[in-house]
Each structure stands twice: as C-alpha cells, then as structure tokens.
Amino acid sequence: MDNQYSIKRRKSTLIHVGHVPVGCNAPIAVQSMTNTKTTDIDATVKQIQALERVGVDIVRISVPTMDAAEAFKIIKRKVSVPLVADIHFDYRIALKVAEYGVDCLRINPGNIGNKSRIRLVVDCARDKKIPIRIGINSGSLEKDIQKKFGEPTPEALVESAMRQIDILDQLNFDQFKVSVKSSDVCLAVASYRLLASLIDQPLHLGITEAGGMRSGSVKSAVGLGMLLAEGIGDTLRISLAADPVEEVKVGFDILKSLRIRSRGINFIACPTCARQEFDVISTVNELEKRLEDIITPMDVSIIGCIVNGPGEALLANIGITGGHNRSGLYEDGVRQKERFYNEQIIDLLENKIRAKASILERKHSTAVIKIHEQ
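Owing to the predicted nature of the structure, the values given are computational and were not obtained by experimental measurement.

Ordered in space as β11-β12-β13-β14-β15, the five strands form an open sheet in which the pairing is mixed. If you trace the sheet from one side to the other, it starts and ends with β11 (265-269) and β15 (334-341), each paired once. For this sheet, the mean inter-axis angle between neighbouring strands, taken without regard to orientation, is 20°. With four bridges joining them, strand β13 (residues 318-321) and strand β14 (residues 326-331) adopt antiparallel strand pairing.

Here it is as structure tokens:
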C-alpha cells in the first residue's frame, strides 16, 4: 500500500558511517550493539553475523582496552556491516581503532583529556573520514550540570550535548551525530525535540536501558514513535535486556508500523475471539519463525473469520479469511478459487508467501536495473 500519510523528515546534514548514509533523508538506519566480550573474537563475530542476518545497518562494539582494540582489528576483517567503536576516556584507543578501519567513533570529546588529545582524535577522524557520535545519557551528566539543574532535565541533557558540540565546532569538524538518551520516555522525547530545534546534525534515537523484552519494546515504541512521527531521527537503537537480534527486529517493526521503512513481512492478524475458525495465534507465531529469512517488504493478512477478513485481505499481498473447515485465500486483493483446509493453513500459507516474495523481489530487481540504465 502506498504511504499516503508520509512523514516529513527534519532536515539534517549528511554523514556516512561506512557505506551507510545517515541524515539528509537517507533511510533511517537500525543499529544494535554487541554484548559479548570484545576480546572473545569468535563470539563477537558470531553475534554480529546474526545481527546482519536480520538486517542491522550499523553495529556498535565496546572497546574499553587496548586488548579490545587489537581484537577489533580482527573482527573488522571478518564482517561487512559498519562498526562503531564505543570508547570512553582513553584517546589512544580511539586512535588505534581509527588505524584499524573503524567506521564511526562513539566518543564524547570532553571526556578524553586536554585539548591536544582532543585535537589528535578529531584530526585523525577528519583525515580518515570517520564520523563521531556524541552520546549524552541522563545517568552520566557532568557534575557541574547536575549541580546546576538538580536533576536530569531536557535543558540539562541539551546543555551537555552543546558543550561537546562546541568542542567539535571550534575544531571545524561537522561530521557527527548526537544522541540525548534517557530511560525516562518523556525526558528523552523532550530532550530530542529541544536539540532538534538547535542543530542540523543527524540525531541517533534511543530510550536507554529501556528494560526487558516486553517493557523495553513498549517504552521504545512509544518514545521513538513520537519522535519519528514528527520527522525527528536519522538512526535508532532499541536498548533491550535481551538478545541484540531482538533489538533489530523491534527497530524495524517500529519503522514498519509508521510506514517509514519496510523490511520483511508485515503480519496483519486479529487478536482472536470465539468467531475464529482456525488457531490464528499459533499460525502467526509459527509463520513468523519460519519466514524470518524473507526480507522483501510485503503485507500478509491472517484473520480468523469473515467479519474483518475480506476487508483486510483486499489490502494485502496475501490474505487468509477464516471459514468453516476451509478458509479463503486472497492474492493482491483478489479472491482466489483455491481454498485451504484449516488444518493445513500453516504449510500452505508458507508456500504461498514464499512464492509471492520471490515474485515481488524479481519485480524490485527489474525496477532497480531500469533505474540504473536510465
């Protein structure tokens, strides 16, 4: 379905994190972070590859020591996704990972020492065309800002951010993005809104330390959804106390729900009631597991009865409408003569969805080729 409710994005400058464009109406990038020990190279590479399979655009890795920096050198060679090095305090680590090909530095300039050390890092980033992410967190504000405001406030987070931005401005470095995160949804939203009105650089969105899978997903969806609907945000990370793969899935689901970016199958399913003619919940859960490998954007409607089923199916690429013993099938809004026995729905639907995804992917590839030829 065409996005007739398109969101007008906030204007921002363009930077590149590796091959991924960020800002200036580029697709909003979904990011995650490894939770393995960086010095455990095999485990870290395995986790990054798992993130790549579900579509992650950028991965952040904590690099707290020189040993971790040496491990980063090997990890970088084994993966293709752009990597951000998360560094605090030690400027020498920043210089080392820059030498090893890092795609972005997550480092607050004011935390890495005197002006000469800051200049060394910034000059290195400029020379190697490496952007910087300034990351402000409500839980680690500077002591003087804490004293001034008494508690984390939007003004406090933004003052901290502007302090770091000023350092880069003085060094004539504009290749950076900024985040002002908090675990408090309302505080984070207000902080991003305020910062968005003051600078043109890309913004990286997140509700930090959001919590477990369920509560963290809800907080992130509410907070990031509010900002994204206002056109604010150029990259995002869902911070969950869960497998990082789930962060990426939730991130894409949020973008998909706002029709900002599509990847994979958008399942439209009823919450079920006594009218359902087949087990909708188990059907959807099983199909989500089986079809995780499909990245082609498509809508699949799975409705258990004929009340809302036909209406939803008319708008989907594939739709199923529950009926007694056998359920009706729709393709691209057209009712098919073929009907599915309810006990066979999962296997038959999987085959239909995979066939449709293959057709849509071929159409997309053909369209891309024609555009390139022009």
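Soluble globular proteins tend to pack their nonpolar side chains together in the buried interior. If you look at the biggest cluster of nonpolar residues, it comprises 79 residues, and the most contacted ones within it are Val-63 and Leu-105. Per element, the largest residue contribution to this core is seven residues, and it comes from helix α6 (residues 154-170). Core analysis: the next-biggest nonpolar cluster, separate from the first, contains 20 residues, Ile-265, Met-298, Ile-320 and Phe-340 among them.

Quick look at a nonpolar patch on the surface now. Taken together, the side chains of Val-218, Val-222 and Met-226 present a nonpolar region at the surface, about 240 Å² in accessible area. Following the sequence through the fold, Val-218 ends up in helix α8 (residues 213-229).

Our next topic: the packing of α8 against helix α9 (residues 244-257). Closest axis-to-axis distance for the α8/α9 pair is 10 Å, and the angle between their directions is 35°. The interaxial crossing formed by α8 with α9 has right-handed handedness. Counting all contacts with α8, which are made through Met-213, Ser-217, Ser-220, Ala-221 and Leu-228, the residues of α9 involved are Glu-246, Val-250, Ile-254 and Leu-255. Across the contact of α8 with α9, the residue classes tally to six nonpolar, two polar and one charged.

Another point: the confidence of the model for the protein chain. Taken residue by residue, the protein chain gives an average pLDDT of 92. The fraction at 70 or more is 96%. Confidence, expressed as mean pLDDT per element, reaches its minimum in the protein chain at helix α12 (residues 345-373) with 78 and its maximum at strand β9 (residues 204-205) with 98.

What sits between β13 and β14 in their antiparallel hairpin is a turn of four residues, with Asn-325 showing a positive phi close to 70°. Two successive antiparallel strands, β14 and β15, enclose a turn made up of two residues, where Asp-332 displays a positive phi of approximately 50°.

Turning to the side chain of Thr-34, a few remarks are in order. Residue placement: Thr-34 occurs in the loop between β3 (29-33) and α1 (41-53). The exposure class of Thr-34 is buried, given its relative accessible area of 8%. Contacts of Thr-34, omitting those with residues within four sequence positions, involve Thr-44, Gln-47, Ile-48, Val-59, Arg-60 and Ile-61.

So, on to helix α2 (residues 66-78). Helical geometry note: an α-helix holds 3.6 residues per turn, so side chains three or four residues apart project in the same direction. In this model, α2 (13 residues) spans 19 Å end to end at C-alpha, consistent with the 18 Å of a helix rising 1.5 Å per residue. Turning to α2, its buried residues number three or more, namely Ala-68, Ala-69, Ala-71, Phe-72, Ile-75 and Lys-76.

With that settled, the discussion passes to the sheet that holds strand β5 (residues 83-86). One open sheet holds the eight strands; their spatial order is β8-β7-β6-β5-β4-β3-β10-β9, and the pairing between them is parallel. Strands at the two margins of the open sheet, each flanked by one partner only, are β8 (176-181) and β9. Sheet topology note: the β3/strand β4 (residues 58-62) ladder contains three bridges and is parallel. Each residue of the ladder has a partner; that of Gln-31, found in β4, is Ile-58. Packed onto the sheet, α9 meets β3 and β10 (235-237) and runs at close to 160° relative to β3.

What follows deals with the UniProt feature "binding site: [4Fe-4S] cluster" (unreviewed entry) in the protein chain. This chain's UniProt record puts "binding site: [4Fe-4S] cluster" (unreviewed entry) on Cys-270, Cys-273, Cys-305 and Glu-312. Its place among the elements puts Cys-273 in the loop between β11 and α10 (280-290). By the secondary structure assignment, Cys-305 is in the loop between β12 (298-303) and α11 (309-313). Note on Cys-305: relative accessible area 10%, which makes it buried. Excluding anything up to four places from it in sequence, Cys-305 contacts Arg-275, Thr-321 and Gly-322.

This next bit is on unusual backbone geometry. Unusually for a residue other than glycine, Asn-325 sits at a positive phi of about 70°. Inspection of the secondary structure assignment puts Asn-325 in the loop between β13 and β14. Of note in this structure, Asp-332 is not a glycine but carries a positive phi near 50°. In this fold, Asp-332 is placed in the loop between β14 and β15. On the basis of relative accessible area, Asp-332 is assigned to the partly exposed category, the value being 44%.

The rules behind each value
- Residue numbers restart at each chain and count upward from 1, following the sequence in its written direction.
- Since the coordinates come from a predicted model, pLDDT governs what is reported: local features require at least 70, and pairs of side-chain atoms require 80 or more to be given and counted, while whole-chain, interface and lining totals use all residues.
- Excluding hydrogens and water, the side-chain values take into account all heavy atoms of the structure.
- The rule for pairing is simple: two strands pair if DSSP sees at least two bridges between them.
- Numbering goes from the N terminus for both helices and strands, where a helix is a DSSP run of H or I of at least four residues and a strand is a run of E of at least two.
- Note on definitions: angles span 0 to 180 degrees between N-to-C directions of axes, and those axes are lines fitted to C-alpha atoms, for helices only across the stretch in contact.
- Put simply, buried Ala, Val, Leu, Ile, Met, Phe, Trp, Tyr and Cys residues joined by side-chain atoms within 4.5 Å make one nonpolar core.
- Three exposure classes are used, based on accessible area relative to the maximum for each residue type with a 1.4 Å probe and protein chains only: buried under 20%, partly exposed in between, and exposed over 50%.
- Patches in this entry comprise residues that are over 30% relatively accessible and not in a salt bridge; like charges within 9 Å are linked, as are nonpolar side chains (Val, Leu, Ile, Met, Phe, Trp, Tyr) within 5 Å.
- What sets the accessible areas is the Shrake-Rupley method with a 1.4 Å probe; for residues, cover comes only from the shown protein chains.
- Note on definitions: salt bridges are taken to be side-chain nitrogens of Lys or Arg within 4 Å of carboxyl oxygens of Asp or Glu.
- Throughout, a crossing is termed right-handed when the near helix is turned clockwise from the far one, and left-handed when it is turned anticlockwise from it by less than a right angle.
- Only heavy atoms matter for contacts: two residues are in contact if any of them lie within 4.5 Å across the pair.
- The nonpolar class holds Ala, Val, Leu, Ile, Met, Phe, Trp, Tyr, Cys and Pro. Asp, Glu, Lys and Arg form the charged class, and all remaining residues, Gly among them, are polar.
- One number per residue, pLDDT, summarises how confident the predictor is, and it ranges from 0 to 100.
- The span expected for a helix works out to 1.5 Å for each residue beyond the first.
- UniProt positions are given in the numbering used here, feature names are shortened, and annotations may be inferred rather than shown by experiment.

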